[in-house]
2 protein chains.
Amino acid sequence: MAKIVEFIPNFSEGSRQDVIDALVAEAKGVPGVILLDHSSDASHNRSVFTMVGDPDGVAEAAFRLVKLASEKIDMREHKGEHPRMGATDVVPFVPIQDVTMEECVALSKKVAERIWNELHIPSFLYESSASRPDRVNLAKVRKGQFEGMPEKLLQDEWAPDYGERKIHPTAGITAIGARPPLVAFNVNLDTDDIEIANAIAKAIRGSSGGYKHCKAIGVMLEDRNIAQVSMNMVDYEGTPLYRAFEAIRFEAERWGVRIIGSEIIGLTPAKALIDCADYYLKIEKFDYKKQVLENHLL
Amino acid sequence: MAKIVEFIPNFSEGSRQDVIDALVAEAKGVPGVILLDHSSDASHNRSVFTMVGDPDGVAEAAFRLVKLASEKIDMREHKGEHPRMGATDVVPFVPIQDVTMEECVALSKKVAERIWNELHIPSFLYESSASRPDRVNLAKVRKGQFEGMPEKLLQDEWAPDYGERKIHPTAGITAIGARPPLVAFNVNLDTDDIEIANAIAKAIRGSSGGYKHCKAIGVMLEDRNIAQVSMNMVDYEGTPLYRAFEAIRFEAERWGVRIIGSEIIGLTPAKALIDCADYYLKIEKFDYKKQVLENHLL
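All values reported here derive from a predicted model rather than from experimental measurement.

Caption draft 1: The arrangement of the sheet that holds strand E11 (residues 259-265) of chain B in detail. All names here are of chain B. With respect to topology, four strands assemble into an open sheet ordered E9-E10-E8-E11, the strand pairing being antiparallel. Among the strands making up the open sheet, the edge pair consists of strand E9 (214-221) and E11. Each strand of the sheet is rotated relative to its neighbour by a mean of 20°, with strand direction disregarded.

Next comes the structure, spelled out in structure tokens:
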């Protein structure tokens, strides 16, 4: 089995097509790395790339993209709805296959060091790479955004993990870190009452006492007139999808509401779903790595 | 996505280690092909190799192995419990990824033609490659075994698909064909009554009116003193694993018996299990090829 790391750089450019095209071309030009998907949002003025590759390829690709973004994007002119603090705003590294979280943490630090040494762009380490507990959460790290960063970096507790206490004048500062794969998993209910979805979301999400690795909100699907529990499963090994699903089922029963379907948005690692089959089929001693044929081909 | 074909050659040698080693070395020496697993059984006097590769590599590996087996194995001296008719007894080709059944049928014919032209070993096409309905089933094709084949080949309906109406003097005749992937799936019951497992097996297997692509028998797990429904799911797209599992559940309820676990024996394609997760989680519009991350890496 080959070592495979996913990384999902977020760039603060979502409308200028020539800049997006240049980033795509750069992403496709690194040996050992594949661009799986990219999407740009003009109102957020932001692009998200999903890429995979071997650790060395991924480190090289991350550096080249951060460099190109710093040449093409001037944060002093950036406007957009999405919070942001750098031309390359955030770069998470995700262990996919035969790679530990520790290796991804090391990878994130290597990239952070190089972009400081060669590009003079400072960075914060976040998620599993965080140097202290209050840097785990990206929203906290990014608070103040590009405009507020010069002042924030001078506060005692907000020195960058790499670099000096001042932003790069045009590229700002970047958050770099390792985290588990995230699966976007939504469960649809046979009710048009958003309050029921909200109550269920509150019951199952970690922040309000539910499953630790589940983030959840209630949303209304206006076109179908049904309520949905919309989740980010931020660690499917820690909180498997079936566990959130079954918890939603029994919480919904409280209101006589049933689950009518679910959605996986975007990509999921195979194991997040095979773990569910393992549960429902009650498979004894299943060895995912050895028994799944495709794992011998990667 | 790369084209990937699995093939599972069965050789009529399960005890002479030097012959087995030579076959293993040959299997490992073909570019573009991987030997995933091999097992030998002395009382059956038979070895089974599990291999995968691109179509051209697989065709080449199959030819080389049939050639080597014909040089090392003399069927006139072969004794073993398992039915057999050739040094290489049977070679199934299985579409795994980005390959159609039709392509595997074409592959099986190409290999059959080459082993006749270059090695003068005749063959029957079986399963999806069969030239007529009574050749689909391997047991029917192999009936009479090595010793009965000279006479069988002279019968009107049993001319080989490739080659003349006589066996290779030492290598016999080989069955070659394309078939869907097979998943060995067993379901354990909380009863020590083998008759209940037998009755459930009869209810769910295709041959007695159950699911078309499910083969099933009842067996006793002596060490645990429980009965088991032991299945070969010979086409998990036609008869998904969850469907057999749920049918066993409701048949077992007839006797107040519960399912206490299941087993996957050996390898399974990821999709056989992901289809089950798709069912139990009620996922709407799941696109296996696009949404499973690993599919972009193969």
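Caption draft 2: Examining helix H3 (residues 101-119) of chain A more closely. Residues and elements named next belong to chain A. Spanning 19 residues, H3 covers 26 Å between terminal C-alpha atoms, matching the ideal 27 Å at 1.5 Å per step. The set of residues buried in H3 consists of Cys104, Val105, Leu107, Ser108, Val111, Ala112, Ile115, Trp116 and Leu119. For H3, the arc enclosing every buried residue in end-on projection is 165°, short of the 170-degree limit, so these residues lie on one face. For H3, the secondary structure elements touched by its buried residues are strand E1 (4-7), helix H2 (55-72), strand E5 (88-97), strand E6 (123-127) and strand E7 (174-178). Where H3 ends, the next residue or the one after it, histidine 120, has phi of about 60°, a positive value.

Caption draft 3: Molecular detail of the environment of glutamate 263 of chain A. Take glutamate 263 of chain A: it is sitting in strand E11 (residues 259-265). Spatially, the C-alpha atom of glutamate 263 of chain A lies 27 Å from that of proline 83 of chain A, the residues being 180 residues apart in sequence. Setting aside anything within four residues of it in sequence, one finds glutamate 263 of chain A in contact with Ala184, Phe185, Asn186, Asn188, Leu221, Arg224 and Gln228 of chain A together with Ile283 and Glu284 of chain B. At a separation of 3.4 Å, a polar atom in the side chain of glutamate 263 of chain A contacts the side chain of glutamine 228 of chain A.

Caption draft 4: Highlighting the relation of the copies chain B and chain A. For the pair chain B and chain A, the superposition axis carries a translation of 0.0 Å, the fit reaches an RMSD of 0.1 Å, and the rotation angle comes to 180°. Both copies are brought into coincidence by an operation consistent with a two-fold rotation axis. The C-alpha atom lying nearest the rotation axis in chain B is that of alanine 277 of chain B; the distance is 2.4 Å. Take the interface residues of chain B: 100% of them recur as interface residues in chain A, which is what a same-surface contact looks like.

Caption draft 5: Molecular detail of the interface of chain B and chain A. Contacts between the two partners involve 43 residues from chain B, matched on the other side by 43 residues from chain A. When chain B packs against chain A, close to 3,800 Å² is buried across both sides, 69% of that on carbon and sulfur atoms. Area buried by chain B at its contact with chain A is led by Leu281, Glu284 and Leu293 of chain B, which between them contribute 18% of it. Our count for the chain B to chain A interface comes out at two salt bridges. Among the salt bridges present, the one from arginine 224 of chain B reaches glutamate 284 of chain A, with a minimum N-O distance of 2.9 Å. Where chain B packs against chain A, one counts 20 residue pairs in polar contact (both at pLDDT 80 or more).

Caption draft 6: Structural detail: the environment of valine 66 of chain B. Residues and elements named next belong to chain B. By the element assignment, valine 66 lies in helix H2 (residues 55-72). Taking the C-alpha atoms as reference points, valine 66 and glutamate 294, separated by 228 residues in sequence, lie 33 Å from one another. Discounting chain neighbours no more than four positions away, the residues touching valine 66 are Thr88, Ile115, Leu119 and Ile121.

Caption draft 7: Structural view of the packing of helix H6 (residues 194-204) of chain B against helix H7 (residues 241-253) of chain B. Residue and element names in this part refer to chain B. It is the contact of H6 with H7, at a shortest axis distance of 10 Å, that shows an interaxial angle of 130°. For the element pair H6 / H7, the angle class is oblique. Our pair here, H6 against H7, has a crossing hand that is right-handed. Packed against H6, whose contacting residues are Ile200, Ala203 and Ile204, the element H7 presents Ala247, Ile248, Glu251 and Ala252 at the interface. Here the residues of the contact of H6 with H7 sort into six nonpolar, no polar and one charged.

Caption draft 8: Highlighting the nonpolar core. Ranked by size, the top nonpolar core spans 76 residues in total, and within it Met231 and Leu241 of chain A together with Met231 and Leu241 of chain B carry the most contacts. When near neighbours in sequence (up to four residues on either side) are disregarded, leucine 241 of chain A contacts Val183, Phe185, Met233, Tyr236, Ile264, Ala272, Leu273 and Cys276 of chain A together with Leu281 of chain B. By size, the runner-up hydrophobic cluster in this structure holds 56 residues, among which are Val30, Phe49, Leu125 and Trp158 of chain B.

Rules and cut-offs
Counting restarts for each chain, with residues numbered from 1 along the sequence as it is written. Labels are handed out in written order, letters beginning with A for the chains and numbers beginning with 1 for the ligands. Local features in this predicted model are restricted to residues of pLDDT 70 or higher, and side-chain atom pairs are both shown and tallied only at a pLDDT of 80 or more, whereas totals for entire chains, interfaces and linings draw on every residue. As a rule here, side-chain values come from all non-hydrogen atoms in the structure, and water together with hydrogens is ignored. Two strands are said to pair when DSSP picks up at least two bridges between them. Numbering of helices and strands runs from the N terminus; a helix is a DSSP stretch of H or I covering at least four residues, while a strand is a stretch of E covering at least two. Interaxial angle, 0 to 180 degrees, is taken between N-to-C directions of lines fitted to C-alpha atoms, where a helix line uses only the stretch in contact. Take the residue count of a helix, subtract one, and multiply by 1.5 Å to get its expected span. For the exposure calls, accessible area comes from a 1.4 Å probe over protein chains only, and a residue counts as buried if that area is under 20% of its type's maximum, exposed if over 50%, partly exposed in between. This arc describes the spread of directions from the helix axis toward the C-beta atoms. Working rule for contacts: check all heavy atoms of both residues, and any pair within 4.5 Å makes them a contact. Each polar contact in these results corresponds to two N or O atoms within 3.5 Å; when the atoms are within protein, one needs to be able to donate a hydrogen and the other to accept it, and residues that are neighboring in sequence are counted only if both atoms are side-chain atoms. Superposing the copies works by least squares over the C-alpha atoms of residues that have pLDDT at least 70 in both of them. For any pair of parts, buried area is found by adding up, for both, the accessible area (1.4 Å probe) each one loses once the two are put together. Each reported salt bridge corresponds to a side-chain nitrogen of Lys or Arg within 4 Å of a carboxyl oxygen of Asp or Glu. Roughly parallel here means an angle under 35 degrees, roughly antiparallel means over 145, roughly perpendicular means 65 to 115, and every remaining angle is called oblique. Whether a crossing is left-handed or right-handed is set by the direction in which the near helix is turned from the far one by less than a right angle, anticlockwise for left-handed and clockwise for right-handed. Ten residues, namely Ala, Val, Leu, Ile, Met, Phe, Trp, Tyr, Cys and Pro, are considered nonpolar, four, namely Asp, Glu, Lys and Arg, are considered charged, and the remaining ones, Gly among them, are considered polar. The set of buried Ala, Val, Leu, Ile, Met, Phe, Trp, Tyr and Cys residues whose side-chain atoms join them within 4.5 Å is what this entry labels a nonpolar core.

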